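In case you want the letters, here they are:
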Amino acid sequence: MSEEFAVRHSILLSSLLTLFVVVGVVLIAGSFLMQPVASPAAASGNTEVIRRFYAAANETIATGDTTALRVVVAPHFVDQDPGPGMRPDRSGLEGYLAALHAVIPDTELLVEAIVAGGDRAMARVAVRGGHRPTSLSGAIVDQPEPWGAVDVFRIAGGMIV
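What you are looking at is a predicted structure, and each value in this text was computed from that prediction instead of being measured.

### Some details on the overall build of the protein chain
Alright, step 1. Of the regular secondary structure elements, the protein chain holds four helices and six strands.
Alright, step 2. Each helix (α) and strand (β) of the protein chain, taken in turn from the N terminus, gives the series α-α-α-α-β-β-β-β-β-β.
Alright, step 3. The buried share among the 161 residues of the protein chain stands at 25%.
Alright, step 4. Of the contacts formed within the protein chain by residues at least 6 apart in sequence, a portion of 57% connects residues at least 24 apart.
Alright, step 5. When the accessible area of the protein chain is evaluated, it comes to approximately 10500 Å², of which 65% is carbon and sulfur surface.

Below is the structure:
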């Protein structure tokens, strides 16, 4: 009788263990399937926000007027990687673009590619114009690019934050 009990007991334990493993796998798989997926419309909208941002940045560089920039950059904007001496807020960005206007107003930021998903977007950017070599005691010294090659954005409420 005890041998029969031991066999039933091991079968019961094996069945419970298998059940727990299957339930665990189903729950894990379900959690992956339940992740929110950004709709193509949201990604498209974020792509448009990025294009508006660069158009506003180019307008600010060309004219010194920050009006268009204020429409697309949130008042609580934070730059996670500001340039040297640049404040990490919207006024710091405005000041930097206004400085570019004062020094090299023919600079233009060209969007080469945008990848957007969720509330994030990344843009690959090229710079046209504005980059001029400087003569220093007869030697030609290249000035650094006024803008990086890749920007990463967070977008909320149709604005860069």
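Resuming the write-up.
### Regarding the side chain of Asn-46
Alright, step 1. For Asn-46, the location among the structural elements is in helix α2 (residues 40-63).
Alright, step 2. Judged by relative accessible area, Asn-46 falls into the buried class, the value being 11%.
Alright, step 3. Within the local environment of Asn-46, its side chain forms a polar contact with the backbone oxygen of Gly-118, the two atoms lying 2.7 Å apart.

### Thoughts on the pairing of strand β5 (residues 150-156)
Alright, step 1. Burial of the side chains of β5 is restricted to one face: Asp-151, Phe-153 and Ile-155 are buried, whereas none of Val-150, Val-152, Arg-154 and Ala-156 on the reverse face is.
Alright, step 2. Here five bridges tie strand β2 (residues 120-128) to β5, and the two strands are oriented antiparallel to one another. Across the sheet, the residue bridging to Ala-121 is Phe-153, located in β5.
Alright, step 3. By the bridge criterion, two bridges tie β5 to strand β6 (residues 159-160) in an arrangement that is antiparallel. In the strand pairing of β6, Ala-156 is matched with Met-159.
Alright, step 4. Counting the residues that bridge the hairpin from β5 to β6 gives two residues, and of these Gly-157 lies at a positive phi of roughly 60°.

### Side note on the sheet that holds β5
Alright, step 1. The antiparallel open sheet is built from four strands, whose spatial order is β1-β2-β5-β6. At either end of the open sheet lies a strand with only one pairing partner, and these are β1 (108-117) and β6.
Alright, step 2. As paired elements, β1 and β2 share nine bridges and run antiparallel to each other. Bridging across to β2, Leu-109 finds its partner in Val-127.

### Regarding the side chain of Thr-66
Alright, step 1. Residue placement: Thr-66 occurs in the loop between α2 and α3 (67-72).
Alright, step 2. Exposure remark for Thr-66: the relative accessible area of 18% places this residue in the buried category.

### Re the layout of surface pockets
Alright, step 1. Of the voids in this model, the largest pocket is the one considered here, and its volume is about 730 Å³.
Alright, step 2. Asp-79, Gln-80, Asp-81, Asp-151 and Val-152 are, among the 26 residues lining the largest pocket, the residues nearest its centre.
Alright, step 3. When residues of the lining of the largest pocket are traced back to their parent elements, those giving at least two are α4 (90-103) and β5.
Alright, step 4. Per-element accounting of the lining of the largest pocket gives the leading share, five residues, to β5.
Alright, step 5. Here the lining of the largest pocket is composed, by residue class, of 15 nonpolar, five polar and six charged.

### Structural notes on the packing of aromatic side chains
Alright, step 1. Taken as a whole and assessed by the stated rule, the structure comprises three aromatic pairs.
Alright, step 2. Residues Phe-53 and Tyr-54 carry aromatic rings whose centres are separated by 5.0 Å and whose planes lie at 75° to one another, so their mutual orientation is edge-to-face. Taken individually, Phe-53 and Tyr-54 each receive the classification buried, so the pair is uniform in this respect.
Alright, step 3. With a centroid separation of 5.3 Å and 65° between ring planes, the pair formed by Phe-53 and Phe-153 is classed as edge-to-face. Of this pair, Phe-53 sits in helix α2 while Phe-153 sits in strand β5, and the two are 100 residues apart along the sequence. There is no split in this pair, since Phe-53 and Phe-153 are both buried.
Alright, step 4. By way of ring pairs, the aromatic residues Phe-53, Tyr-54 and Phe-153 are connected into one cluster.

Definitions and cut-offs
Residues numbered from 1 in each chain as written. Predicted model: local features only at pLDDT ≥ 70, side-chain atom pairs only at ≥ 80, totals over all residues. Heavy atoms only, no water. Helix = DSSP H or I, 4+ residues; strand = E, 2+ residues; numbered from the N terminus. Buried < 20%, exposed > 50% of the residue type's maximum accessible area, 1.4 Å probe, protein only. Contact = heavy atoms within 4.5 Å. Areas by Shrake-Rupley, 256 points an atom, 1.4 Å probe, with all protein chains shown as cover. Polar contact = N/O pair within 3.5 Å; in protein donor to acceptor, adjacent residues only side chain to side chain. Pairing = 2+ DSSP bridges. 1 Å grid on protein atoms, 1.4 Å probe; cavity = no way out; pocket = protein on both sides within 12 Å on 5 of 7 lines; lining within 4 Å. Points joined across faces, edges and corners; volume = space filled by probe spheres on them. Nonpolar A, V, L, I, M, F, W, Y, C, P; charged D, E, K, R; others polar. Phe/Tyr/Trp six-rings, centres within 6.5 Å; stacked < 30°, edge-to-face > 60°.

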